[in-house]
Amino acid sequence: MDILQSIILGLLQGATEFFPVSSTGHLILAEKFIPTSGDAALFNVILHVGTLIAILLAMQNDINRLFGEMLRMIGDLFRNLFAYLRSSASHKEPDYARIVASNYRKMFLLILTASVSSAVVALPLRHLGLTGSDNLIFSGAGFLLTGVLLLVTDRIEPGTKVPRDITYVQAAVIGLIQGVTVLNGISRTGIMIVAGILLGFGRKFAIRFSFLLSVPVVLGALILDLGTLLHADMSVDILANYSAGLLAALIAGLISIGIAMNSMRKSGFKAFAYYSFVIGTASIICSFIF
């Protein structure tokens, strides 16, 4: 694999990550035509880091607000603790600050809940996903499953729920479903949006929540692969390839994220469902060739 091939794979990752069509499934298929040098699974994680940076940049207002509200919540928790201690000494009723005082605070807690429950499923399944990381039948089946769910969801009227209306149990359910997407070919973005709409989320919020929820997912995958990354045999050529792929994924991700949000909000999921059927069928056919 040379730098041009790394760039092509990075562009493919960035172009498909934010659409409900499984970027990992696309990479598995593409890497049959463009063999990667080094650790293919690690290279794919690095490409996902590129699209993670794209999310951090494109959604920086949301992320800054979430981070700021997280710090303020921690501050309010300490203030409430001190208020309790003072009231115990003075025997006066404590004046507690409200912890979940805004939609952003609630959204942070929903993301945290979903991330924890996701890890419960994803960690045991991760080995299975890695075992079948180059199996086109697995990824093809994932594409077909994603297509069916998208087609069904496209016929359902989205709800109107925003963070204040969503329970932590619902967030945990979404996290459990997200954990299954470590299996190849199943679109994390697509399944998260499907789950949100089935639980009554508004379409706009379901898409936004799906994108924000990808941040802890990719960070978690990067932490799990950190040991492999630090001990990898990084020649100058491999390092250049990884860097080129990451940069290409970042640029393509920045371009595609806005397009993906607008197209899914306005046009629904039918076109993505049909595309998933086509690419899934192609993956299964190719499994008998490669």
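Anything mentioned here points back to the structure above.
Residues numbered from 1 in each chain as written. Predicted model: local features only at pLDDT ≥ 70, side-chain atom pairs only at ≥ 80, totals over all residues. Heavy atoms only, no water.

Asks: Any details on the packing of helix α2 (residues 23-33) against helix α6 (residues 136-154)? Residues and values, ideally.
Replies: Two elements in contact, α2 and α6, have axes whose closest approach is 9 Å; the angle formed by their N-to-C orientations is 145 degrees. Of the two elements, α2 crosses α6, and the hand of that crossing is left-handed. Of the residues in α6, those in contact with Gly-25, His-26, Ile-28, Leu-29 and Lys-32 of α2 are Leu-136, Ser-139 and Phe-143. (Axes fitted to C-alpha atoms, helices over the stretch in contact; angles between N-to-C directions. Helix = DSSP H or I, 4+ residues; strand = E, 2+ residues; numbered from the N terminus. Left-handed = near helix turned anticlockwise from the far one by under 90°. Contact = heavy atoms within 4.5 Å.)

Asks: Hey, could you go over the nonpolar core for me, with residue numbers and the actual values?
Replies: If you look at the biggest cluster of nonpolar residues, it comprises 42 residues, and the most contacted ones within it are Phe-209, Phe-211 and Met-264. For this core, the elements supplying multiple residues, two or more each, are α3 (40-58), α5 (103-131), α7 (168-180), α8 (188-198), α9 (203-224), α11 (236-267) and α12 (270-287). At nine residues, the largest contribution of residues to this core is made by α9. (Core = buried A, V, L, I, M, F, W, Y, C linked by side-chain atoms within 4.5 Å. Buried < 20%, exposed > 50% of the residue type's maximum accessible area, 1.4 Å probe, protein only.)

Asks: Describe the pattern of salt bridges, naming the residues involved and giving the relevant values.
Replies: Taken as a whole and assessed by the stated rule, the structure comprises five salt bridges. One salt bridge in this structure joins Arg-105 and Asp-76, with 2.8 Å as the shortest N-O distance. Of this pair, Arg-105 sits in helix α5 while Asp-76 is found in helix α4 (residues 60-90), placing the two residues 29 residues apart along the sequence. Since its relative accessible area comes to 7%, Asp-76 is described here as buried. Salt bridges sharing common partners tie together Glu-69, Arg-72, Asp-76, Arg-79 and Arg-105. (Salt bridge = Lys/Arg side-chain N within 4 Å of Asp/Glu carboxyl O.)

Asks: Go over the packing of aromatic side chains, please, and point to the residues and values.
Replies: A full pass over the atoms with the stated rule returns seven aromatic pairs. Their ring planes at 40 degrees and their centres at 5.6 Å tell us that Phe-19 and Phe-272 sit as a pair that is tilted. Placement of Phe-19 in the loop between α1 (3-16) and α2 and of Phe-272 in helix α12 is noted, with a sequence separation of 253 residues between them. With a relative accessible area of 14%, Phe-272 lands in the buried category. Ring centres of Tyr-274 and Phe-277 lie 6.5 Å apart, and the angle between their planes is 50 degrees; on these two criteria the pair is classed as tilted. (Phe/Tyr/Trp six-rings, centres within 6.5 Å; stacked < 30°, edge-to-face > 60°.)

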